[in-house]
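Listed below are the residues making up each chain.
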2 protein chains.
Amino acid sequence: MAQAQKLNLVFHALGDPTRRAIVERISRGPVSVSQLAAPLSITLAAVVQHVQVLEESGLVRTEKAGRVRTCRMEPAGLSLAEQWIAGRRNEWERRLDRLGELLAED
Amino acid sequence: MAQAQKLNLVFHALGDPTRRAIVERISRGPVSVSQLAAPLSITLAAVVQHVQVLEESGLVRTEKAGRVRTCRMEPAGLSLAEQWIAGRRNEWERRLDRLGELLAED
DNA sequence: TCAATAGTTAAGCGAACACTTAAGTATTAG
DNA sequence: CTAATACTTAAGTGTTCGCTTAACTATTGA
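It should be emphasised that the depicted structure is a prediction, and the values quoted were computed from it without experimental measurement.

Thoughts on the interface of chain A and chain B
Across the contact, 29 residues belong to chain A and 29 residues belong to chain B. It is Arg20(A), Glu82(A) and Trp84(A) that lose the most area in chain A upon contact with chain B, and together they represent 21% of the buried surface on that side. Summed over the shared surface of chain A and chain B, the number is 4 salt bridges. With a closest N to O distance of 3.0 Å, Arg28(B) and Glu91(A) form a salt bridge. Put simply, chain A and chain B have 14 residue pairs in polar contact (both at pLDDT 80 or more) between them. Among the secondary structure elements, those contributing two or more residues to the side of chain A that touches chain B are helix H1 (3-14), helix H2 (17-27) and helix H5 (75-104) of chain A. Sort the elements by how many residues they give to the side of chain A that touches chain B and H5(A) lands first, with 12 residues.

So, in structure tokens, the structure goes:
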């Protein structure tokens, strides 16, 4: 998949507060879907849909054993977003440097 | 504004590829709205709407001089997103450390 | 075996989204 | 003064989103 499309999915996934709460929980250790649903005031079906979005975005990996689906972190997903942001900061800082050099010329 | 609400706006803003392209351009230096629109195959009106979303998210600052609106980077916006991501990675790594210590016990 | 548990899937609904067209305002160059 | 430029704003349109209810499947503990 193209990088841009992956970034669409990752940033879109993180744009929802319920999904960020789910990621926060999963980043502390593996959890089942029911455990994810417990503190949330939405139906299990809605939680399943959020988990699907997170899995398709590459932020979360999922595995079913018996009737329980366990969700784990997939750190590469977050990494992609982090690197895009770092790239922007980098360009911005390099520009400030060039500007500083220009102003330092006498 | 609450941190969570800001994160909603920032991640949602970055979830759209056109808006990311706009941020990439702005991170290389200040630009007018027309300059932003030039390489994009959407109407000026649509670009204005994207810029509004970016401004409300805190990623971009904007200033009008005469009839030209100039857009600049607001690095604090990206920073907020970066810190949230770093926080998740941190929790995930700390958990791996604890796990490693457990396994190292004999 | 059979009832509770854990998740799945589909259909539907109202709100938000990205975009367009169209009609406007304000600024500036000639 | 006038025409072109650079937006701005409003209304409308099709699509996607987050969520619900409801009906279903698969697993497991008593």
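Describing the protein's contact with DNA strand C
Surveying the vicinity of DNA strand C reveals 21 residues, the closest of which are Ser34(A), Arg67(A), Arg69(A), Gln49(B) and His50(B). Near-protein atoms of DNA strand C (within 4 Å) split between backbone and bases, with sugar and phosphate holding 70%. Arg19(B) places a side-chain nitrogen or oxygen 2.9 Å from a phosphate oxygen of DNA strand C. Interatomic distance of 3.0 Å between a side-chain N/O atom of Gln49(B) and a base oxygen of DNA strand C. Only helix H3 (33-37), helix H4 (44-57) and strand S3 (68-73) of chain A together with helix H4 (44-56) of chain B provide two or more residues apiece to the surface near DNA strand C. If you tally residues by element for the surface near DNA strand C, the top one is H4(B), at 4 residues. For the surface near DNA strand C, the residue count by class is 8 nonpolar, 7 polar and 6 charged.

Parameters at a glance
- Residues numbered from 1 in each chain as written.
- Chains lettered and ligands numbered in written order.
- Predicted model: local features only at pLDDT ≥ 70, side-chain atom pairs only at ≥ 80, totals over all residues.
- Heavy atoms only, no water.
- Contact = heavy atoms within 4.5 Å.
- Buried area = accessible area lost by both parts, 1.4 Å probe.
- Salt bridge = Lys/Arg side-chain N within 4 Å of Asp/Glu carboxyl O.
- Polar contact = N/O pair within 3.5 Å; in protein donor to acceptor, adjacent residues only side chain to side chain.
- Helix = DSSP H or I, 4+ residues; strand = E, 2+ residues; numbered from the N terminus.
- Near = heavy atom within 4 Å.
- Nonpolar A, V, L, I, M, F, W, Y, C, P; charged D, E, K, R; others polar.

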